[in-house]
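For reference, the chains in residue letters:
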Amino acid sequence: MAKSCENTLICLLLDVKEAFDHVALKQLIKILIKLKILINLINWVKCFLQNWVIDLAFDDERQKSKKIITEISQDSSISLILFLIYIRYLFLKIRAKIENLQSLSYIDDVALYVKKKNIDKNVKTMKNAAKIAFTWAKKNAMQFNDSKSELIHFESHKATLNQMIILLNNMIIKSKTCVRWLKVWLNRKLNFKVHVQTKIATVTRTLHSLFRLMNSEWELNVKSEKQLYLTCVTSISDYDAEIWWNNQKSYLVKFRKLQNAALRKILSAFQTSSIDAMQIEVEISSMKIQLDQKCKNYAIWIIELLKKHSIRKRTFIMYSSQYSIELNLDLNALKYLNWNKTKTNVSWKAKKCKDRLTQIYWILNKVQKTLNSIKEIEISHFKKSWGQEIEHLAKL
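Residues numbered from 1 in each chain as written. Predicted model: local features only at pLDDT ≥ 70, side-chain atom pairs only at ≥ 80, totals over all residues. Heavy atoms only, no water.

Draft legend 1. Representation of the pairing of strand 6 (residues 101–106) in the model. Sheet topology note: the strand 6/strand 7 (residues 109–116) ladder contains six bridges and is antiparallel. Within the sheet, the bridge partner assigned to Q102 lies in strand 7 and is Y113. Here strand 6 hands over to strand 7 after two residues, with I107 in that stretch at a positive phi of 55 degrees. (Pairing = 2+ DSSP bridges. Helix = DSSP H or I, 4+ residues; strand = E, 2+ residues; numbered from the N terminus.)

Draft legend 2. A look at unusual backbone geometry. The phi angle at N100 is positive, at roughly 65 degrees, despite the residue not being glycine. Summarising the element assignment, N100 is placed in the loop between helix 4 (88–97) and strand 6. At K183, a position not held by glycine, the phi torsion is positive, near 65 degrees. The residue K183 is located in the loop between strand 11 (178–181) and strand 12 (184–187) in this model.

Draft legend 3. Focus on the packing of aromatic side chains. Per the counting criterion, the structure on display carries six aromatic pairs. Relative to F144, the ring of F134 has its centre 5.1 Å away and its plane inclined at 50 degrees; by these criteria the two rings are tilted. Note that F134 is positioned in helix 5 (residues 119–139) and F144 in the loop between helix 5 and strand 8 (150–154), a separation of 10 residues in sequence. The exposure classification of F134 matches that of F144, with both residues buried. With a centroid separation of 5.5 Å and 25 degrees between ring planes, the pair formed by Y298 and W301 is classed as stacked. With Y298 and W301 both in helix 10 (residues 287–303) and three residues apart, this pair spans about one turn of that helix. Given the relative accessible area of 38%, W301 is considered partly exposed. Of the aromatic side chains, those joined through ring pairs into one cluster are W244, W245, Y251 and F255. It is R88 that lies over the ring of Y89; its NZ or CZ is 5.1 Å from the centre. (Phe/Tyr/Trp six-rings, centres within 6.5 Å; stacked < 30°, edge-to-face > 60°. Buried < 20%, exposed > 50% of the residue type's maximum accessible area, 1.4 Å probe, protein only. Lys NZ or Arg CZ within 6 Å of the ring centre and 35° of its normal.)

Draft legend 4. Structural context of the nonpolar core. C11, L207, Y229, W244 and W245 are the most contacted members of the largest nonpolar core, which totals 45 residues. If near-sequence neighbours (up to four positions away) are discounted, Y229 is found in contact with L207, L210, T234, Q259, A262, I266 and I284. Membership of the second largest hydrophobic core comes to 44 residues, among which are V45, Y89, A130 and L167. (Core = buried A, V, L, I, M, F, W, Y, C linked by side-chain atoms within 4.5 Å. Contact = heavy atoms within 4.5 Å.)

Draft legend 5. Geometry of the environment of I266. Secondary-structure assignment places I266 in helix 8 (residues 249–267). Here the alpha-carbon distance between I266 and S224, two residues 42 residues apart in the chain, equals 9.2 Å. Filtering out sequence-adjacent residues up to four positions away, I266 remains in contact with M214, V222, E225, K226, Y229 and V282.

Draft legend 6. Summary view of the confidence of the model for the protein. In this model, the protein carries a mean pLDDT of 79, and residues with pLDDT of at least 70 account for 77%. Counting contacts from residues 390–396, a segment whose pLDDT is below 50, to residues more than four positions away or on other chains yields two contacts. (pLDDT = per-residue confidence, 0-100.)

Draft legend 7. Looking closely at the sheet that holds strand 8. The strand order across the open sheet formed by six strands is 6-7-1-8-10-9, and the pairing between neighbours is mixed. The two strands at the open ends of the sheet, each matched to only one other strand, are strand 6 and strand 9 (164–166). Taking the axes of each pair of neighbouring strands and ignoring which way they run, one obtains an average angle of 20 degrees across the sheet. Taken together, the eight bridges between strand 1 (residues 8–15) and strand 7 define a ladder with antiparallel strand orientation. Looking across to strand 7, one finds that I10 is bridged to V114. Seen against the sheet, helix 4 touches strand 6 and strand 7 and runs at an angle of roughly 170 degrees to strand 6. (Axes fitted to C-alpha atoms, helices over the stretch in contact; angles between N-to-C directions.)

Draft legend 8. View of empty space enclosed by the protein. Taken as a whole and assessed by the stated rule, the structure comprises one cavity of 30 Å³ or more. Contributing to the lining of the largest cavity are V203, L207, Y229, V233, S237, F255, L258, Q259 and M287. Those elements giving two or more residues to the lining of the largest cavity turn out to be helix 6 (193–214), helix 7 (222–237) and helix 8. Its residues assigned to classes, the lining of the largest cavity shows seven nonpolar, two polar and no charged. (1 Å grid on protein atoms, 1.4 Å probe; cavity = no way out; pocket = protein on both sides within 12 Å on 5 of 7 lines; lining within 4 Å. Points joined across faces, edges and corners; volume = space filled by probe spheres on them. Nonpolar A, V, L, I, M, F, W, Y, C, P; charged D, E, K, R; others polar.)

Draft legend 9. Molecular detail of helix 10. Given a rise of 1.5 Å per residue, 17 residues ought to cover 24 Å, and the 25 Å separating the end C-alpha atoms of helix 10 matches this to within 8%. When helix 10 is considered as a whole, its buried residues turn out to be M287, Q290, L291, D292, C295, A299, I302 and I303. (Expected span 1.5 Å × (residues − 1).)

Draft legend 10. Just the packing of helix 1 (residues 25–34) against helix 2 (residues 39–50), in detail. Following both chains from N to C, one finds helix 1 and helix 2 inclined at 165 degrees, their axes separated by 10 Å at the closest point. With respect to helix 2, the axis of helix 1 lies roughly antiparallel. Both helix 1 and helix 2 take part in a crossing whose hand is right-handed. Seen from helix 1, the contacting residues are L25, L28, I29, L32 and I33; seen from helix 2, they are I42, V45, K46, L49 and Q50. (Parallel < 35°, antiparallel > 145°, perpendicular 65-115°, else oblique. Left-handed = near helix turned anticlockwise from the far one by under 90°.)

Here it is as structure tokens:
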């Protein structure tokens, strides 16, 4: 979106250091009171954070319970909610002082980004945002992990590589060509090339480890080897496929080779064995079907979101809870470039086309025909007994 508006986007990734250990109880209580939380719930939170005991047991001997002083425990899902409440005013404070700055967060991983036409203005704005974030953290007894702080410009221009940000503690954060956030590798062009290559390398290493296990004297059966493949390999190859899968032939060929090698190993088949026959025998879909299914499931999930959801706002979908689904998408493939071709390899007519569809529209278009064919079917029910007259019920 920033590129379509001729803007450049800068992103600063921060990581809260020992997040759960730096939550001050008094500060958390003040925030809950400010949010007008019920006093009974506040007392429960106070009791939840304070009344912790530990028991030590060795063999048949057990030590007496001792009270321990700890912050938020990471073992409970409630701790995640309390931590999010604790840092909620950080983002509100930054947005109030800096215009057009957006933020994303997942527990202790924080991403701040801003888009403007001038690169120097982006850096200046991000410096101010970082200053506010670190000042807030210092007042609230929290710290950001300087070694995990990263800066990236989503711009292919070489001048952005020399840009840097100096934090309050004189820590210098230089711009990188590729960063990792929530197990996803992001490069400057945002084409997820590094991410896919990393996944292919990880799948290759995992497969070799499984092959060594299959060659052991335990002689695993086909069912067990299939379960190992689905658990250890498919979970890696399909991870976040919704953000990068666009029918790229180069990626598909590499994933197919890895899957075919796994199928031959599971069935102890020859090199010339039919791939389709092996897929039917093991009941494993091809890579293209798997990746397409991931995207279709994501598209259906988007349609079921509330209209206020941030992802839903980026679509042109009109969805009603009355089981009537209408897709108002103007997705003419002739207006856009093919994903497997670059502008240098296409004809002069195709160069007049738009760059490409955004990923979210491409995903939604995969289920457009299916959803448009859905019709509401009226199911006739028997007349409800409680809707009948009293005289009729008396005769029963």
